[in-house]
Amino acid sequence: MNELNNKDHEFFKNIISKSKLEVPFSDFEDVIMSKINTQVLVPKTSRELKFSLLFFVLGTIAGILISVALANIEDAFFGLSPKLASVLFQVLFVTLVFTQTETFIKLVKNLKLNK
Amino acid sequence: MDDSVYIKKILNGDNDAFRFIINKYKDMAYSFVMSIVKDEFIAQDVIQTTFIRAYTKLHTFKGNSKFSSWLYRIAVNEAFKVLNRRKKEFVFYEESDLETIIDIDDFTIKVNEEYQKHFINEALKKLKPKESLILRLFYLEEHNIKDIMEITGWTNTSIKVLLHRARLNMKKILEVYYNNKTF
């Protein structure tokens, strides 16, 4: 770099160093975080919630079918009488359905609050 | 702490870590975007889009380049996208308007610091987006040509040509301000 270029370089280094701008909005970070929440996180949760609902419905249907199937079995089932196996499955199934329904309702409520 | 620590935290769902990233890079990204769009409200929108995009695409950042270069590239691309979309008529400085070249010693010595800042930014606003951007990239954060290539996607030769033209035009604009005794 010759003398003129060095002089130029220093000149520009000096003046451009004074050209740094500051974002003139004090709540800038809050606005972005809020937008990330509404534009990215909530839709993502909403999408996941739809999948959860789908699998919940599919699981419930499968549970009902298994219950019906168990009620029609006449042979012993893993050492349990068919009736006992059917009752145990139904108790487990009903418990699961209730707890999952409660969780699902809570999730939907939270999602509405966040919106 | 290194950026990579914060990036890991963000990827693990720590949103406060992303606040740190915003705080660290917002002003520099804003300066670069302002070089291109020349309007503070449009620049704010572009910066917001940039950070939201950076958040959603963060998992694609592999660490092969500096995080700042990766982020500034998003900002620059967004800014040019908005600029092209709006087709707004910005008043850029035309080379034929001015003839004289400033005596650079005079400028730095005689002009008051605050006025200097104001008119330097005004002069940068009058430059074409690419010229204004290249000056800020090269001198403000002292990126080397390789970094600038990563951020802008321009070739080595076009960067050097742009830099030369930008310096020349910037000096001419400052000379006009100086001779008009605007400050």
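As the structure is a computational prediction, the values presented were derived from the model and not from experiment.

### Topic: the confidence of the model for chain A
Taken over all residues, the pLDDT of chain A has a mean of 82, while the share at 70 or more is 94%. For chain A, the element scoring lowest by mean pLDDT is helix 1 (residues 3–16) of chain A, at 78; helix 2 (residues 28–72) of chain A scores highest, at 85.

### With respect to the interface of chain B and chain A
The partner chain A presents 29 residues to the 40 residues of chain B that form the contact. Both faces combined, the contact of chain B with chain A buries some 3500 Å², and carbon together with sulfur accounts for 73% of it. When the buried area of chain B at its contact with chain A is split by residue, B:Arg19, B:Ile52 and B:Tyr139 rank highest and sum to 18% of it. Taken together, the links from chain B to chain A amount to three salt bridges. Across the pair B:Arg19 and A:Asp30 runs a salt bridge whose closest N-O atoms are separated by 2.9 Å. There are seven residue pairs in polar contact (both at pLDDT 80 or more) connecting chain B and chain A. Only helix 2 (15–37), helix 3 (40–57), helix 5 (104–110), helix 6 (113–126), helix 7 (129–140) and helix 9 (156–179) of chain B provide two or more residues apiece to the side of chain B that touches chain A. For the side of chain B that touches chain A, the element with the highest residue contribution is helix 2 of chain B, accounting for 11 residues. Partitioning the side of chain B that touches chain A into residue classes produces 20 nonpolar, nine polar and 11 charged.

### Digging into the packing of helix 7 of chain B against helix 9 of chain B
All names here are of chain B. It is the contact of helix 7 with helix 9, at a shortest axis distance of 9 Å, that shows an interaxial angle of 100°. Put simply, helix 7 runs roughly perpendicular to helix 9. Every residue of helix 9 that contacts helix 7 at Lys130, Glu131, Ile134, Leu135, Phe138 and Tyr139 is listed here: Ile159, Leu162, Leu163, Arg165, Ala166, Arg167, Asn169 and Met170. For the contact of helix 7 with helix 9, a count of residues per class yields nine nonpolar, one polar and four charged.

### Concerning the nonpolar core
Residues A:Ile16, B:Phe18, B:Phe51, B:Phe67, B:Leu135 and B:Met170 are the most contacted members of the largest nonpolar core, which totals 73 residues. Counting residues per element, this core draws most heavily on helix 2 of chain B, at 13 residues. The residues contacting B:Leu135, other than those within four sequence positions of it, are A:Phe12, A:Ile16, B:Leu124, B:Leu127, B:Leu140, B:Leu163, B:Ala166, B:Arg167 and B:Met170.

The rules behind each value
- Residues numbered from 1 in each chain as written.
- Chains lettered and ligands numbered in written order.
- Predicted model: local features only at pLDDT ≥ 70, side-chain atom pairs only at ≥ 80, totals over all residues.
- Heavy atoms only, no water.
- pLDDT = per-residue confidence, 0-100.
- Helix = DSSP H or I, 4+ residues; strand = E, 2+ residues; numbered from the N terminus.
- Contact = heavy atoms within 4.5 Å.
- Buried area = accessible area lost by both parts, 1.4 Å probe.
- Salt bridge = Lys/Arg side-chain N within 4 Å of Asp/Glu carboxyl O.
- Polar contact = N/O pair within 3.5 Å; in protein donor to acceptor, adjacent residues only side chain to side chain.
- Nonpolar A, V, L, I, M, F, W, Y, C, P; charged D, E, K, R; others polar.
- Axes fitted to C-alpha atoms, helices over the stretch in contact; angles between N-to-C directions.
- Parallel < 35°, antiparallel > 145°, perpendicular 65-115°, else oblique.
- Core = buried A, V, L, I, M, F, W, Y, C linked by side-chain atoms within 4.5 Å.
- Buried < 20%, exposed > 50% of the residue type's maximum accessible area, 1.4 Å probe, protein only.

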